[in-house]
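Structural features, examined
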Amino acid sequence: MTILDGKKVSNDIKNEIKAQVDKMIAKNEKVPHLAAVIVGNDGASLTYVGSKVRACERVGFESTMVRMSNTTSEIELLDKIEELNQNDDIDGFIIQLPLPPQINTQKVLMAVDPSKDVDGFHPENFGKMALDMSTFIPATPFGILELMERYGVETKGKHTVVIGRSHIVGRPMSILMGRKGFPGNSTVTLTHSHTKNITQITSQADIIISALGVPNFLKAEMVKDDVVIVDVGITRVPDDTTPKGYRITGDVDFENVSKKASYITPVPGGVGPMTIAMLLKNTLLAREQRM
Ligand code: GUN
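What comes next concerns the included structure. Numbering of residues starts from 1 in each chain and follows the order in which that chain's sequence is written. Only residues with pLDDT of at least 70 get local features here, since the model is predicted, and only at 80 or more are side-chain atom pairs given and counted; chain-wide, interface and lining totals rely on the full set of residues. Values shown for side chains rest on all heavy atoms present in the structure; no hydrogens or waters enter the calculation.

Being near a molecule or strand, for a residue, means having at least one of its heavy atoms within 4 Å of it. Taken together, K52, I95, Q96, L97, D119 and F121 are the residues near the ligand. At 2.8 Å, a backbone N or O of I95 approaches a nitrogen atom of the ligand. Summarising the interface, the protein chains cover 83% of the accessible area of the ligand, which totals 270 Å² for the free molecule. Polar contacts, as counted here, are pairs of nitrogen or oxygen atoms within 3.5 Å of one another; within protein the pair requires one atom able to donate a hydrogen and one able to accept it, and residues that are adjacent in sequence qualify only if both atoms are side-chain atoms. All accessibility values rest on the Shrake-Rupley procedure with a 1.4 Å probe; residue burial counts only the protein chains present in the view.

It is worth spelling out helix α5 (residues 123–130) at this point. For each residue, the accessible area found with a 1.4 Å probe, counting protein chains only, is set against the maximum for its type, and the residue is called buried under 20%, exposed over 50%, and partly exposed in between. Each helix corresponds to a stretch of at least 4 residues labelled H or I by DSSP, and each strand to a stretch of at least 2 residues labelled E; elements are numbered beginning at the N terminus. Within α5, the full set of buried residues consists of N125, F126 and M129. The buried residues of α5 all sit within an arc of 100 degrees when viewed along its axis, so they share a single face. On its buried face, α5 is in contact with α7 (170–178). Just past α5, the residue D132 takes up positive phi, approximately 65 degrees. For this quantity, the arc is that covered by the directions from the helix axis to the C-beta atoms. Contacts are assigned to residue pairs that have any heavy atoms within 4.5 Å of one another.

One bridge is not enough; two strands pair if DSSP finds at least two bridges between them. If you walk across this open sheet you meet the 6 strands as β1-β11-β8-β7-β5-β6, and the pairing is parallel. The open sheet terminates on both sides in strands that have one partner only, identified here as β1 (2–3) and β6 (187–191). The sheet contact formed by strand β8 (residues 228–231) and strand β11 (residues 263–264) spans 2 bridges and is parallel. The residue of β11 that forms the bridge with V228 is Y263.

Take the pattern of salt bridges next. Any Lys or Arg side-chain nitrogen found within 4 Å of a carboxyl oxygen on Asp or Glu counts as a salt bridge. Counting across every chain of the model gives 17 salt bridges. With its nearest N and O atoms 3.8 Å apart, the salt bridge here joins K27 to E29. For D88, the salt bridge goes to R290, with nearest N and O atoms at 3.2 Å. In this pair, D88 is assigned in the loop between α3 (74–86) and β4 (92–95) and R290 in the segment after α10 (271–289), connecting sequence segments 202 residues apart. Its relative accessible area of 26% is what places R290 among the partly exposed residues.

Below you can see the structure in the form of structure tokens.
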């Protein structure tokens, strides 16, 4: 069994990006600038955005965190987005999700200039991804592809089962794994809350990508020997023995499933750090496209 070590690979990627930034600085070029908009005070979202900003500093990017109150109106957020679209100094920006209920998420994501949409959530970019055109690939799926590529995980002709159909992970992942190329060329099954007898499906999978958000959902009895496991779950489970009072738990019963797996991502230290590294990669790409 091989651990797909997202922490290590993401550090490698950040070092590669840092080297590119150093070259930009040596040539007196503008360095990439990422902005992140966060609306409200959700603890997990603040943690993620904080990590994204710190990652920018680590590779030499400029970063701007835009904090807006929980009572922000849709118009106020759309105005902020327009400001970021027009701001020539900002190369890419993200709107951290989820948004408060008074705001229509689709409307907001459609307002982002596709050339600055480093999350790859705008329909234009999502459509390009589905059509194999060059574009910003959403960071979590992009990170999973990169992890599989760097470990040489064979995907061609394999049966990949994706659990969860979110717009951020499950849906794009199902498209990317079926694309021509590597990683890709898989036969993909996309499962969700209405899927019947999911164990029958997961037990036939060569590769399982779980993005459900239910701690320890995937058990050893549900998978076959030598399965490849990618665990995208990051649920905070109360735990009084930790300083923060919670621990991050994946969708997979790691202790038992890892005994059967050929490759498996840990939580934490698997997909999470890869997401941030690929957001940086998309931001570098955005800067290069604006030169
Ligand atoms: N919320 C959960 N994941 C993500 C992500 O990748 N990007 C943004 N903007 N919000 C998220």
